[in-house]
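Structural overview
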Amino acid sequence: MTYLLYDLLLCLSALVLVPYYLLRGLRYGKTRRGIRERLGSYDEGFVEKLRGRTVIWIHAVSVGETRAATPLLRVLRERYPDAVLLLSHVTETGREVALKVDEADYCIFFPFDLSWVVRRVLRRIRPAVVVLVETEIWPNFIRAAHEQGIPVILVNGRISDRSLPRYRMAGKLLHPVLAGVTTFCMQTALDARRIHLLGAVPGQIIVTGNLKFDMPEPQLSLASREELAGRFRLPADSLVWVAGSTHPGEEKLITEVYRQLLANHPKLFLIMVPRRPERIRQVREELTKLQMRTILRTTIETEEISPQAGDILLVDTLGEMLTFYAMADIVFVGGSLVPVGGHNILEASLLSKPVLFGPHMQNFKEIAGLTRKAQGGLLVADRDDLYHQVRLLIENPAERYRLGGNGYNLLQQNRGATERTVAEIGRHLRR
């Protein structure tokens, strides 16, 4: 009865969500395919190619989860070269990033969690194992996989401060759903305790660590940094501040700080990377009202426009965050000065960059705490604190190098989650 009610609620929600999904999909030109795949309809050629193959299905809902899954995909490809690595998403942005992951054989949209849809999809794809990245709990999908004898492994699992009360509201209704998951590979002991509190039994739970610590190191050097600065036509001798993954409310604040800093540091140059590219027009209009000249990343090469001192380079593409971090002298990671929950600060540490972040880091609580403890980054409380901390780093190159080096060392010391996770996946593939 519970699952029937859940199906009915989803059908009612679809009356609103499907038109919304169609409108969003129009931005990316993938609407028809996305809806079709989410209803479980695939080209016969695609299904035929999966027959008789060992299919490892990895589901990463969006961009952040896809990046977290990348080291996992690399090791799975090395260990199981003959397997099909199928990567699925819910968002168009996640899919766009996934298409650049060489190790993935196919990318599809995850089916709507309607019982008849997910049963049909699992019967057609017949995965040997399903891997859900982070806390992706889809009741009908998990139930159907369990009924068909397909192991479901949740990896890089976490239960944030914000999501725990929501899950607890479900009470015992969540227990049969969690029982359908074969193994919970949780990031920390705290996450393990929380998933147990929600109803998972101890025998299902292991602590494997955080996959984000296992990001592969990009092949970049000082020469590469200079080449990149030339490629994007940055003003000569610029000191580059990159504000990555920004959200509404942060762009205006960061720009005001930037303008204030320019008065005494005219060589400072800001590169801003909004979290969602579809917001670029809105962000640009907001910054224009602040009387700041913005240059779009896409126009630099197509129209050969060169940024000038005091401009802002506004990034309207996906999948280039590490490229811009590589050019940075200072990095601020957004979603943290507004109550979003933060984003991955380890990408900056991977490149030995000093990283700043705001107080709203509940989705990355452990990483933020470890980074501060290792003195690999700085917490900024508000707009004024951001101004003072950025100014401190502008005027103290040695402090920039110290923070960046500490962050890099922290990342190296915490590697290993991928190997532990792959070992658990392999245990179910050998059955």
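Above: the structure in question.
Quick caveat, the model's predicted, so the values are computed rather than measured. (Residues numbered from 1 in each chain as written. Predicted model: local features only at pLDDT ≥ 70, side-chain atom pairs only at ≥ 80, totals over all residues. Heavy atoms only, no water.)

What follows deals with the sheet that holds strand β1 (residues 55–59). One open sheet accounts for seven strands, arranged β3-β2-β1-β4-β5-β6-β7; its pairing is parallel. Either end of the sheet is taken by a strand with one partner, and the two such strands are β3 (106–109) and β7 (205–207). When strand polarity is set aside, the average angle formed by the axes of neighbouring strands in this sheet is 20 degrees. Where strand β4 (residues 129–133) and strand β5 (residues 152–157) come together, four bridges link them in parallel fashion. Paired with L132 across the strands is L154, a residue of β5. Contacting β1, β2 (84–89), β4 and β5, helix α4 (residues 63–79) crosses the sheet at an angle of about 175 degrees to β2. Packing of helix α6 (residues 115–125) onto the sheet brings it into contact with β1, β2 and β3, and relative to β1 it is tilted by some 140 degrees. (Pairing = 2+ DSSP bridges. Helix = DSSP H or I, 4+ residues; strand = E, 2+ residues; numbered from the N terminus. Axes fitted to C-alpha atoms, helices over the stretch in contact; angles between N-to-C directions. Contact = heavy atoms within 4.5 Å.)

Formed by 67 residues in total, the largest nonpolar core has its most connected members in W241, I254, Y258, I271, F332 and L386. Apart from residues lying up to four places away in sequence, I254 is in contact with W241, A243, T246, L270, M272, F332 and L386. Core analysis: the second largest hydrophobic core is formed by 45 residues, Y42, I108, L122 and V130 among them. (Core = buried A, V, L, I, M, F, W, Y, C linked by side-chain atoms within 4.5 Å. Buried < 20%, exposed > 50% of the residue type's maximum accessible area, 1.4 Å probe, protein only.)

A few words on helix α13 (residues 280–289). Among all positions in α13, only I280, V283 and L287 are buried. For α13, the angular spread of the buried residues around the axis is 65 degrees, confining them to a single face. Exposed residues pointing more than 90 degrees away from the buried face of α13 are listed as R281 and K289. Looking at the buried residues of α13, the elements they touch are α12 (250–262), β9 (268–274), β10 (294–296) and β11 (312–314). Downstream of α13 by a residue or two, Q291 has a phi angle that is positive, lying close to 65 degrees. (Arc of directions from axis to C-beta.)

These results come straight from atomic positions and should not be treated as a statement about function.
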